[in-house]
Structure formats: C-alpha cells, structure tokens
Amino acid sequence: MSAVITPQLVDVVDTFTSVRNYSSGTARQLTTCRVEPWGLRTECPTPEDPFSECEVTWLLPDLGLRLTYLRPRSRHARSTPSVLTAVRVQRDTRSWRTTDLLLGLAVPGGTTARIVRSEEFAAAVAGRVLRSSDADLALRTVHRTLEEISYQRHDISSWLCSMGIYDSWPPMPEI
C-alpha cells in the first residue's frame, strides 16, 4: 500500500485576532494565543473530535518544532501521546506561519518516543512536495530531538527544562 502524497501544510496564526488559518482554507478561533519567550502558545477547542476537547500547541521556532497535545474530553480517558513535529517557522509582529515538514515524534510518556509519519514524509519527498532542503531539515530536527529526549528518559517536561523552557507540559486547563 503506497502513502498518499499530501500537499504541504501551512498554517498561519494571527496573534492580534487569535485566529489560526489552515492550509485547507478553514479558520479556527483560539481560546489561548500568547507569545512566550520560547515561542507561541495556542489552544483551541476541537468540537469535531469525540475524544478530545481541545488541541494544545506550542511553536518552538528556535528548535524547529511544533509540540501538540490533545486534551481528552473525559478525565478518565487514556491520554494520547504528545507529538513533536518538524516545522519551518516564519514570524513577524502579527503572525506566525508554520510549514509542516511531515515528520515527527510521538512521545507517549513513560515509554520510548517513536518516529511518526515516515511514510507520508517519504511520499512527499519522492513526489517533490517537500524540497530536499526541507527534507534534510526535518530529518536532522527529528533525529536530534529524539537523541535529546532519550537523554531525558523520553520525558518531555524534563527535555523542555533542559532546553530552558520551564512551563509545565502538558499544560493544565486554564480556569
């Protein structure tokens, strides 16, 4: 079975209006949109997802990563892994533009992180959807991050602290 080639995914977050525009043409109002010393913190509801109530995303431009967590609807639900995705980030005073480089890491917590989306990544490289420079960047970013996280026993919070980011992950819901 061959992987489907996905067009490059580009999202733009407008920090003035707290709106995230997706490459599909849809837009979503964010409940949290804050520029932090380490990057951008966003949160948005996911009403179409029966299992998660919201998506928490941190953009870490200096690391070339997007960190995502789907907060479950039920406090009794099994937690989903956090996902680190290689991205290219461009920002100005009003917006943060991310280009998904189609390769990432799933970090379940308490067990080994694993590389994800490799078939989609390979198909995008073969189909020339991803430039060779972006493919190289994605591979370097994901492998560097996997090595760094392994030094922290695959614990994202410890890894973030080692990167100088002391905010709690996954963040608790704001009340």
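You'll find the structure just up there.
What comes next concerns the included structure. Counting from 1, residues in each chain are numbered in the order their sequence is written. Confidence filtering applies because this is a predicted model: local features only for residues at pLDDT of at least 70, side-chain atom pairs given and counted only at 80 or more, and all residues used for totals across whole chains, interfaces and linings. Only hydrogens and water are set aside; all other atoms, that is, all heavy atoms of the structure, feed into the side-chain values.

1. Observations concerning the overall build of the chain
Helical segments are the DSSP runs of H or I of at least four residues, strand segments are the runs of E of at least two, and each set is numbered from the N terminus. Within the chain, the regular secondary structure consists of 3 helices and 10 strands. Along the chain, helices and strands appear, N-terminal first, in the series β-β-β-β-β-β-β-β-β-β-α-α-α. Relative to the 2.2 N^0.38 estimate, which gives 16 Å for 175 residues, the radius of gyration of the chain is 16 Å and therefore close to what a compact globule would have. Exposed residues in this analysis have more than 50% of their type's maximum accessible area, buried residues have under 20%, and partly exposed residues fall in between, with area computed by a 1.4 Å probe over protein chains only. Counting across all 175 residues of the chain, residues that qualify as buried make up 46%. Throughout, radius of gyration means the C-alpha value; the globule benchmark is 2.2 Å times the number of residues raised to the power 0.38.

2. Observations regarding unusual backbone geometry
The omega torsion of the bond from Trp-169 to Pro-170 falls at -10°, within 30 degrees of zero and hence cis. Take Pro-170: it is sitting in the segment after α3 (156-162). A positive phi angle is found at Arg-128, which is not glycine, with a value near 60°. Looking at where Arg-128 falls in the secondary structure, it is placed in the loop between α1 (118-126) and α2 (132-151). Taking relative accessible area as the criterion, Arg-128 reaches 75% and is therefore assigned exposed.

3. A few points about the state of the cysteines
Disulfides are defined as pairs of cysteine sulfur atoms found within 2.5 Å of each other. The final tally for this structure, using the stated rule, is 0 disulfides. We note that Cys-44 lacks a disulfide partner, and the nearest cysteine sulfur, in Cys-54, lies 7.5 Å from it. A residue is classified by how much of its surface remains accessible, and Cys-44, at 1% relative accessible area, is buried.

None of the figures reported here should be taken as evidence of function without further support.
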